[in-house]
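# Structural overview
Chain by chain, the residues run as shown.
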Amino acid sequence: LMPNATSQTFNDRSPAAVEVGREVEGLRLENEVFRSFLCRHVRDQSLDEDRLDSQRSRQRRRTVNHKCKLSMEQKCEIANSEHERLQLEMHEKERKYRKLNATLYAVLEETHIRIAELKKEAYEFKRDIVVGAENMRTGKTAAEKVVRYMEDRLRQRDGLIEKLRLKNATIKTQVQKVENQVKQKEEMGDVLHYIDFHQLQIENKQYQAFIEQRNQELLRLKAATGNTVQSSNQLKHRLYNAVDEATRLECETSCRLGQLLKVTQDTEHVSAASTCELRTHGILGQRCSETADLPSTKAYVSQKAGMYELCREQQCWEKKVNIVEVATTQL
C-alpha cells in the first residue's frame, strides 16, 4: 500500500511542480531581459566610481532588490525596448545574411561560368593546338600556330578587359549619380515614405527582371559567339590545311618544272645529235652512191692477194734469171 500512496502523492503534486517550473522559467527569462537592458544602459553611461568586489556587489544587489521593485509599466517598457532592439538586430542580421547569400550566389555563379569557360578553352586548345596544329608528316606541333593561337587569346582577353573596364566606369558613374541624388534628398529633408519604398521595390523587381532578361540575352549571344568561334576555328583549320597543300603543290610544281627543263634540254641535245647523225648518214649515203661502181671489198682483197702472188713469182723468176746470167757469164 505504501508505494501506491507515494505514487499517488507524486501524481497529485506534478501539476503544481510543472506550474512552479513555468514560473521559474518566466522569472529566468525576465531576469535575462532586465540584465540585457541594464547592461546596455550601463555601457551607454559613463561610470566614475570603481568597481567593488563580488561580495559587496551581491550585498548591494540584495539590498536594492529588497528596497526597490519595478512596476508593471516599467517592466512593459523594458520588455518593449528589448523587443525593439531584438527586432533591429534580427533585421540587421537578416540584411547581412541576405547580402552574404547574394554575394555567395554571385561567386558560385561566377565560378560555374568560369569552370564552363575553362572547359571550353581547354577543348578549343586541344582541338586547335594539340590535334589541329600537329603536322601529319612529322608528328610535331607547329610553333607558329601556337603563337597565333596565344596572340588571339590575348587579344580576346584584352578586349574583354576593356569591355569590363568600360562597364565598371559606367557603373561607377551610376553609383555616383545615385549617391548625389541621395545626398540631395538628405539635404532637402526628403523623407522616404512607405509608398515611395513600395514603389522602389516595384522598380527594383522590374530592374531585376530586365537584368535577368539581359543576362539571358547575354547567354544566348555567348552561345552564338561560341558557335561562331567554333565555325571560325574550323574554317581556320581548313585554311591552314589548304595553305599547306598549296605550299606542297608549289614545291612539287617547282620540282616538276626543273624536271621539265632538264627533259627539254636533253631533248634539244638529242635533236642536235640526231641532226648531226642524219647529216653524217647523208654524207655516207652519198659516198656509197659514188662508190657503187667500184668492186666489192672481197674482190678487192682477192685481187690484192693475186697481185702479191704475182709479185712473189716475179721476184722468183728474176732470181732465176740472175742465176742463169751469172752461170752464163762464168761459162
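On a predicted model such as this, the values are computed, not experimentally measured, just so you know. (Residues numbered from 1 in each chain as written. Predicted model: local features only at pLDDT ≥ 70, side-chain atom pairs only at ≥ 80, totals over all residues. Heavy atoms only, no water.)

What follows is about the overall build of the chain. Regarding its fold elements, the chain presents 6 helices and 0 strands. The linear arrangement of helices and strands in the chain, starting from the amino end, is α-α-α-α-α-α. Per-residue burial for the chain yields a buried fraction of 5% across its 331 residues. If you sum the accessible surface of the chain, you get close to 30,300 Å²; carbon and sulfur atoms cover 59% of it. (Helix = DSSP H or I, 4+ residues; strand = E, 2+ residues; numbered from the N terminus. Buried < 20%, exposed > 50% of the residue type's maximum accessible area, 1.4 Å probe, protein only. Areas by Shrake-Rupley, 256 points an atom, 1.4 Å probe, with all protein chains shown as cover.)

All chains considered together, the criterion is met by 14 salt bridges. Measuring nitrogen to oxygen at the nearest pair gives 3.6 Å for the salt bridge that ties arginine 114 to glutamate 117. Here arginine 114 pairs with glutamate 117, and both are found in helix α3 (residues 72-131), just 3 residues apart, close to one helical turn. Salt-bridge contacts for arginine 153 lead to glutamate 124; the nearest nitrogen and oxygen are separated by 3.8 Å. In this pair, arginine 153 is assigned in helix α4 (residues 143-188) and glutamate 124 in helix α3, connecting sequence segments 29 residues apart. Here the residues in one salt-bridge network are Glu121, Glu124, Arg153 and Arg157, joined through shared partners. (Salt bridge = Lys/Arg side-chain N within 4 Å of Asp/Glu carboxyl O.)

Take a nonpolar patch on the surface next. On the surface, a cluster of nonpolar side chains totalling about 330 Å² of accessible area is made up of Phe125, Val130, Val131 and Met150. Looking at the nonpolar patch element by element, the count peaks at 3 residues for α3. Relative to the assigned elements, valine 130 resides in helix α3. (Patch = residues over 30% accessible without salt bridge, like charges linked within 9 Å, V, L, I, M, F, W, Y side chains within 5 Å.)

What follows concerns the packing of aromatic side chains. Each aromatic ring pair is described using two quantities: the centre-to-centre distance and the angle formed by the ring planes. This model, assessed by the stated rule, comprises 1 aromatic pair. We note lysine 320 situated over the ring of tryptophan 317; from NZ or CZ to the ring centre the distance is 4.5 Å. (Phe/Tyr/Trp six-rings, centres within 6.5 Å; stacked < 30°, edge-to-face > 60°. Lys NZ or Arg CZ within 6 Å of the ring centre and 35° of its normal.)

Every α-helix carries 3.6 residues per turn, so stepping three or four residues along brings you back to the same face. Here α3 is 60 residues long and its end C-alpha atoms lie 85 Å apart, about the 88 Å a rise of 1.5 Å per residue gives. Phenylalanine 125 marks where α3 bends most, by close to 25°. (Expected span 1.5 Å × (residues − 1). Bend = angle between axes of the 7 residues up to and from the residue.)

For the rest of this paragraph, the subject is the confidence of the model for the chain. Residues with a pLDDT of 70 or more make up 81% of the chain, whose mean pLDDT is 78. Across residues 1-12, where pLDDT falls below 50, the model places 0 contacts with residues more than four positions away in sequence or in other chains. Contacts for the low-pLDDT stretch residues 46-52, under 50 throughout, to residues beyond four places or in other chains number 2 contacts. (pLDDT = per-residue confidence, 0-100. Contact = heavy atoms within 4.5 Å.)

Judged by its relative accessible area of 6%, glutamate 124 is buried. Every residue in contact with glutamate 124, bar those within four places of it in the chain, is listed here: Ile129, Tyr149, Arg153, Val229 and Asn233.

Applying the stated criterion across every chain, the model contains 0 disulfides. Cysteine cysteine 251 is unpaired, with the sulfur of cysteine 255 as its nearest cysteine sulfur at 6.8 Å. (Disulfide = S-S within 2.5 Å.)

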